Every structure is written in structure tokens, then in C-alpha cells.
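Commentary on secondary and tertiary structure
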Amino acid sequence: MKKKILITGANGFIGRRVMDDLCADDTYSVVGCSLHDDLCPQSSRHLFATIDITDRQALRSIFEETHPDIVINTAALSAIDYCETHREEADAVNTLAVKHMAELCAQQGSRFIHLSTDYVFGGNSQRLYTEEDLPAPVNYYGMSKWRSEQYVQALCSDYAIARIVVVYGKPLPGQHGNIVDLVAQRLKDKETIRVVSDQWRTPTYVGDVSTGIGRLTTHNASGIYHICGNECLTIADVARRTAKVLELDSTLILSVNTHEMGEKTPRPSYSGLDIGKARRELGYCPHTLDDGIRLSTSGCRQ
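Observations concerning the sheet that holds strand 1 (residues 3-8)
Pairing within the open sheet is parallel, and its seven strands lie in the order 3-2-1-4-5-6-11. Where the open sheet ends on each side, the last strands, each with one partner, are strand 3 (46-50) and strand 11 (223-226). In this sheet, neighbouring strand axes are inclined to one another by 20° on average, regardless of whether the strands run parallel or antiparallel. Both strand 1 and strand 2 (residues 28-34) contribute to a ladder of six bridges, which runs parallel. Within strand 2, the position partnered with Leu6 by the bridge is Val31. This element, helix 2 (residues 56-66), spans strand 1, strand 2, strand 3 and strand 4 (70-73) of the sheet and lies at about 160° to strand 1.

Structure representation (C-alpha cells):
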């Protein structure tokens, strides 16, 4: 019998890739749900429901209709500045909806795979953060996601929290851009682009996130896993590597520090994540940044 999977945020950049990849596996029966109608309704490999995950009754109804063996939550309000000034909304999407999902998963015996973020960390480390390091978020987005992690761990006996970092790849029409896509488009249009040079991350190809989540669907252990790239770079480094790989004009890239960027909301200066646990337990092996950039612009899906 096929395992039934429910994916929330299925119209999003990550959610759509996860749904498409899992639909290609005949051992799964996949239902996607999102706040808006199906982005690619021509696909016949999945069912789709339009729901607001902050509506507790709607959430309960979709669980009762699908009886999922596995729930994958990719939905989030991730606009950092917006979360800082709209805290009630951030709580509703990033924290309380996750709490309700965790409760429903516990009641139905579903495995809960919840996506979190490197922004749960404060950025004062001199090394890559491991899953054992204590979160200390510096903005409200990070705080809302950390609280969601705490609910999942407290309420679920079968769960995996996947922390991801600066996910890039080729977006579908109607999806938001990402660092590689935006840099490539701006440079192709001969436009300058300002990028921050003192914030360090471990950027991740979207196909690697999907692969990691796929492995968590068959993994028996509960816990936190860092699912990201294996190179720790500044955002400016990512932009310059994009230009180099795609043979675009890197002189259009203007490196500025955090103060010069004038961002309204604090970001961690360093939030690179260690993937050693995912390598050992899941056999996770991400693409290099250069290969990820090539895949992001070639139309290939690996």
C-alpha cells in the first residue's frame, strides 16, 4: 500500500520541488495544499487542496480527509523585515499553525517533517553550528521558527526538523526569485546589484533540500537535521561565484557590509550549518555551489 503524504506550502519554491520529486516515487500518494490554487494544475500525479493553515478547523479537516502517514510542512512566512513588524501574523503562520499540525500528527500517528531555518541561531559562532548548539535568534522570524521547533519536539514522538539555509535554484512562474536567480537576471540585464559581504551562510541547492527531505520520509529516528550546502560563504561570494560560473560581468556586483546595506532587521552575521549528522545518518551529499548554479540555470533537475 502506498504511503500517504500531505505537503503544506506546496506552491512554494521548496514545497513544489518536494512535491514533484515525491510524486515521481510510486510508493507514495501525495496531496499538496497551499493558500492559493495549484500552481501547476496540469500535473495528474498529485491531489491538491486550497487551505489556510492558520485556520485550525481547515487544518483538521484536511488531516481527516487524507489520513497522512507523513506530513511535510514547507509553509512559512519568511520575509524577515515583514515578520519583524507583523509579529502576530508571523506567530500565526510560523508557530501556531505548526503547533496545531504537530498536535494532529500526534493524534493520527503521522511522521511530521518540519522545515526550519539557520536563523534560529544568533551568529556569534566561530564554527559551523551543529544540531546540538543552542538557538538564540536575533530577529522575530528566527524566534517564531525556534518556537515552532520546540512545539514539534514537545508534541510529536515521530518527527524530523530540517534546518535549511539560503535555498537557490530555478523558480517556477509565479514563485519568488532567490539569490542565484536574481543575481543572474540582474547581471544579464547589465544592472548593478548590491550584496552583503559580511554575512556567512551555507547556501543550498533546492534539489538537495528535496533529496534530504525525501530521505527523512524513510528515516526512523526523530531529531533535528541540518539540510544545506557544504560551503560556508558570504552572500557576496555567492553572487561572484554565480557570475563566474555563468560567465557574467562580476564588476556589476557591489559588495557592501551590513551597516552599508541598511537592512531594517538584524540578521545573524554567521549562521553556517554543519551537515555531519545528515551525512552520517541519511547519506546526504549536497552539490557544490558551482554545480548547483549550473543546475539552476540549465533546466536540469537533479
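And the narrative resumes.
Description of unusual backbone geometry
Backbone geometry places His67, a non-glycine residue, at a positive phi of 45°. Examined against the element boundaries, His67 turns out to sit in the loop between helix 2 and strand 4. For His67, a relative accessible area of 45% translates into the label partly exposed.

Thoughts on the side chain of Ser210
By the secondary structure assignment, Ser210 is in helix 7 (residues 206-218). Aside from chain neighbours lying at most four places away, what touches Ser210 is Arg17, Val18 and Asp21.

Overview of the packing of aromatic side chains
Under the definition given, this model contains three aromatic pairs. Here the aromatic rings of Phe121 and Tyr129 are separated by 4.1 Å at their centres, their planes lie at 10°, and the arrangement is stacked. We note that Phe121, like Tyr129, is buried.

Details of empty space enclosed by the protein
Where empty space is left can be seen by rolling a probe of water-molecule size over the atoms. One pass over the structure, following the stated rule, counts one cavity of 30 Å³ or more. Computed from the structure, the largest cavity encloses a volume of approximately 40 Å³. Arg56, Arg60, His100, Glu103, Leu104 and Gln107 together form the lining of the largest cavity. Mapped by element, the contributors of at least two residues to the lining of the largest cavity are helix 2 and helix 4 (87-108). Counting residues per element, the lining of the largest cavity draws most heavily on helix 4, at four residues. Partitioning the lining of the largest cavity into residue classes produces one nonpolar, two polar and three charged.

The rules behind these values
- Residues numbered from 1 in each chain as written.
- Predicted model: local features only at pLDDT ≥ 70, side-chain atom pairs only at ≥ 80, totals over all residues.
- Heavy atoms only, no water.
- Pairing = 2+ DSSP bridges.
- Helix = DSSP H or I, 4+ residues; strand = E, 2+ residues; numbered from the N terminus.
- Axes fitted to C-alpha atoms, helices over the stretch in contact; angles between N-to-C directions.
- Contact = heavy atoms within 4.5 Å.
- Buried < 20%, exposed > 50% of the residue type's maximum accessible area, 1.4 Å probe, protein only.
- Phe/Tyr/Trp six-rings, centres within 6.5 Å; stacked < 30°, edge-to-face > 60°.
- 1 Å grid on protein atoms, 1.4 Å probe; cavity = no way out; pocket = protein on both sides within 12 Å on 5 of 7 lines; lining within 4 Å.
- Points joined across faces, edges and corners; volume = space filled by probe spheres on them.
- Nonpolar A, V, L, I, M, F, W, Y, C, P; charged D, E, K, R; others polar.

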